[in-house]
Amino acid sequence: MPDIRYVAIGDSFTEGVGDELEDGRVRGWADLTAQGWANSLGQEISYANLAIRGKLIWPIVAEQLEPALALRPTHLSFNGGGNDMLRPRTAISHLADAFDQVLRRCDEEGVTLIVLSGANPAPHLPMGRLIQRRGDELSAAVVSRIENRPDVVQALNWPDTELSSRGYWSDDRLHMSARGHHRVAARVLASLGETPDPSWWSLPSESAARASSGLAYYRTHVGPWVQRRLTGRSSGDGRVPKFGDWVTVTPTA
């Protein structure tokens with residue numbers, strides 16, 4: 001088995017929603033990180049991704065953490081809380097406690113934890129000021145839990161004002177586009193001490209001509225989200241991890 005065994009857990013951000021390939025599969029920053037890591041090392045790595053879209057942070061911990069650790073990884077990346085932030089009654093401290101739990105279990109298993117904060121979509125969303133405030137609070141709370149842990153790899157995207165630019169986001173304004181996912185992957189690789197493809201920091205901007213706005217945006221994206229909230233459904237219902245067990249990632253030229 002390769003020396004690097006990397007597993008990712010989380011929600012749509014880690015699953016890769018917004019970075020859809022031509023065949024309909026999603027890729028995303030974690031897949032890109034695995035490929036970039038193999039490229040930087042010049043050797044194969046093992047990779048698994050248990051993330052499922054729509055998950056709240058504590059269900060991520062309850063459903064994904066132990067299966068991920070059972071794979072015996074060397075590195076585990078964790079992000080969550082984006083879906084919880086949209087529920088104003090959820091206490092930020094309770095969300096940050098999930099990071100403590102993941103760190104504790106990684107310490108017990110001798111696994112290097114990679115902590116990510118999500119990118120900031122607030123400038124482009126309805127209720128943007130609320131999302132900005134709660135995102136600021138969550139980002140600060142998470143950083144406070146790991147600031148005295150230099151062994152924890154930190155890839156913090158929330159403070160990246162460039163990544164908040166509209167050109168890094170998909171049509172729904174909530175998930176990053178391929179361009180945004182590449183920038184996040186570059187940050188993770190740099191945080192690991194690896195060398196990403198320099199172009200990943202800012203790929204050419206995609207055309208915004210197809211982006212919906214006004215009533216079309218609310219009908220296409222906001223309406224279905226509200227309906228799921230009202231009916232207690234999730235976009236991840238019935239989905240399984242895209243890489244629930246190890247796959248081998250080989251270096252590319």
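Here the structure is shown first, and the text comes after it.
Calculation notes
- Residues numbered from 1 in each chain as written.
- Predicted model: local features only at pLDDT ≥ 70, side-chain atom pairs only at ≥ 80, totals over all residues.
- Heavy atoms only, no water.
- Core = buried A, V, L, I, M, F, W, Y, C linked by side-chain atoms within 4.5 Å.
- Buried < 20%, exposed > 50% of the residue type's maximum accessible area, 1.4 Å probe, protein only.
- Helix = DSSP H or I, 4+ residues; strand = E, 2+ residues; numbered from the N terminus.
- Contact = heavy atoms within 4.5 Å.
- Phe/Tyr/Trp six-rings, centres within 6.5 Å; stacked < 30°, edge-to-face > 60°.
- Expected span 1.5 Å × (residues − 1).

Details of the nonpolar core
For step 1, the next point in the chain: Ranked by internal contacts, the top residues of the largest apolar core, which has 36 residues, are Val7, Ile9, Leu76, Phe78, Val102 and Leu113.
For step 2, the next point in the chain: The set of elements that each furnish at least two residues to this core consists of β1 (5-9), α3 (57-70), β3 (75-78), α5 (92-109), β4 (112-117) and α6 (128-146).
For step 3, the next point in the chain: Broken down by element, this core gets its largest block of residues, eight residues, from α5.
For step 4, the next point in the chain: The residues touching Val7, leaving out its near neighbours within four places in the chain, are Ala48, Leu50, Ala68, Leu71, Pro73, His75, Leu76, Ser77 and Trp246.
For step 5, the next point in the chain: With 30 residues, the next largest nonpolar core counts Ala34, Leu116, Val184 and Ala186 among its residues.

Examining the packing of aromatic side chains
For step 1, the next point in the chain: The tally for this structure, following the rule as stated, stands at five aromatic pairs.
For step 2, the next point in the chain: Taken together, a centroid distance of 5.6 Å and an interplanar angle of 40° make the contact between Phe13 and Trp29 tilted. Separated by 16 residues along the polypeptide, Phe13 in helix α1 (residues 12-15) and Trp29 in helix α2 (residues 29-41) bring together distant segments of the chain.
For step 3, the next point in the chain: The class of Phe13 is buried, set by a relative accessible area of 12%.
For step 4, the next point in the chain: Each residue in the set Tyr6, Trp37, Tyr47 and Phe243 is aromatic and connected to the rest through ring pairs, giving one cluster.

Quick notes on α5
For step 1, the next point in the chain: An ideal rise of 1.5 Å per residue puts 26 Å on 18 residues; α5 measures up with 27 Å between its terminal C-alpha atoms.
For step 2, the next point in the chain: When we look at burial in α5, the residues that qualify are Ile92, Leu95, Ala96, Ala98, Phe99, Val102, Leu103, Arg105 and Cys106.
For step 3, the next point in the chain: Lining the buried residues of α5 we find α3, β3, α4 (82-85), β4 and α6.
For step 4, the next point in the chain: Within two residues after α5, Gly110 carries a phi angle of roughly 70°, on the positive side.

Purely geometric stuff here, so don't read any function into it on its own.
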